[in-house]
Amino acid sequence: MVPGSEGYMDGVDDEGADFVMETEPSLTYAMQLTDRYDQDDFFVGKTDDEEAVRQAILKIINTERYEYEIYSWDYGIELQDLFGMDMPYVMSEVKQRITDALTADDRIESVDNFEMEVTARNTLYIKFTANTVQGDEIETGMEVKV
C-alpha cells in the first residue's frame, strides 16, 4: 500500500467525469502505388478517413511481421511460414492471420466476408471486407504466394 493513498478514489463517479474521449485523426501521406517494376512508388499529398484505412490495410498485409525493426511486433502479418504448405492448410490458416493482423489497428473493428480462390499452383487470391469503427466497409483483395 502506498502511504497516503487511502480513500483516494472514494466518492469518484466515473459517469460524471468531465473529460471527453477523442479519436486521433488518421491523417497520413497518400501513396501512389504502381504495378510496374520500372517505376517507383511515390507520395502524392495526404489522405484521411476511409482512404487512410484502406492504405493502412494494404501496408499491413504487405509487411511481414517481425521482419523490420522499425515496426512494433503487433504490425504486419505472418505469412512466411506458410510457404510450401498444402493449400487446404493455407486456406484455413490465412483467414485468422489476416483478421489478427488487421484488428491490431484500432481503426478496424472486424474482418469478414472472406472469399478465396486458388489462381495458380502456389498462389491464392483472397478477398475480404474490413469493417471500421466509423462504420465503413472496405473491400480488399490480395494475392498470396505460398
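Structural data are supplied above this passage.
Conventions used here
- Residues numbered from 1 in each chain as written.
- Predicted model: local features only at pLDDT ≥ 70, side-chain atom pairs only at ≥ 80, totals over all residues.
- Heavy atoms only, no water.
- Pairing = 2+ DSSP bridges.
- Helix = DSSP H or I, 4+ residues; strand = E, 2+ residues; numbered from the N terminus.
- Phe/Tyr/Trp six-rings, centres within 6.5 Å; stacked < 30°, edge-to-face > 60°.
- Axes fitted to C-alpha atoms, helices over the stretch in contact; angles between N-to-C directions.
- Contact = heavy atoms within 4.5 Å.
- Polar contact = N/O pair within 3.5 Å; in protein donor to acceptor, adjacent residues only side chain to side chain.

(A) Spatial organisation of the pairing of strand β3 (residues 108-120). Looking at chain direction, β3 and strand β4 (residues 123-132) are connected through nine bridges and run antiparallel. Looking at β4, one finds that E115 is bridged to K127. Between β3 and β4, which pair antiparallel in sequence order, lie two residues.

(B) Representation of the packing of aromatic side chains within the structure. One pass over the full model with this rule turns up four aromatic pairs. Between Y71 and Y75, the aromatic rings sit 4.5 Å apart at their centres with planes inclined by 20°, giving stacked as the arrangement. Counting every residue linked through ring pairs, the aromatic cluster contains Y68, Y71 and Y75.

(C) Local environment of the sheet that holds β3. Strand order in this open sheet of three strands is β3-β4-β5, and the pairing throughout is antiparallel. Among the strands making up the open sheet, the edge pair consists of β3 and β5 (137-145). In this sheet, neighbouring strand axes are inclined to one another by 20° on average, regardless of whether the strands run parallel or antiparallel. Sheet topology places β4 next to β5; nine bridges connect them, and they run antiparallel. What sits directly across from A130, in β5, is I138. Against the sheet, helix α1 (residues 49-61) contacts β3, β4 and β5, and its axis sits at roughly 20° relative to β5. In this fold helix α2 (residues 87-103) packs onto β3, β4 and β5, with an angle of close to 150° to the strand it touches most, β3.

(D) Local environment of the environment of R97. Within the secondary structure, R97 sits in helix α2. Here the alpha-carbon distance between R97 and I61, two residues 36 residues apart in the chain, equals 9.6 Å. Among residues more than four places away in sequence, those in contact with R97 are I77, E78, L79, D81, L82 and Y89. At a separation of 2.5 Å, a polar atom in the side chain of R97 contacts the side chain of D81.

Nothing here speaks to function; it is all geometry.
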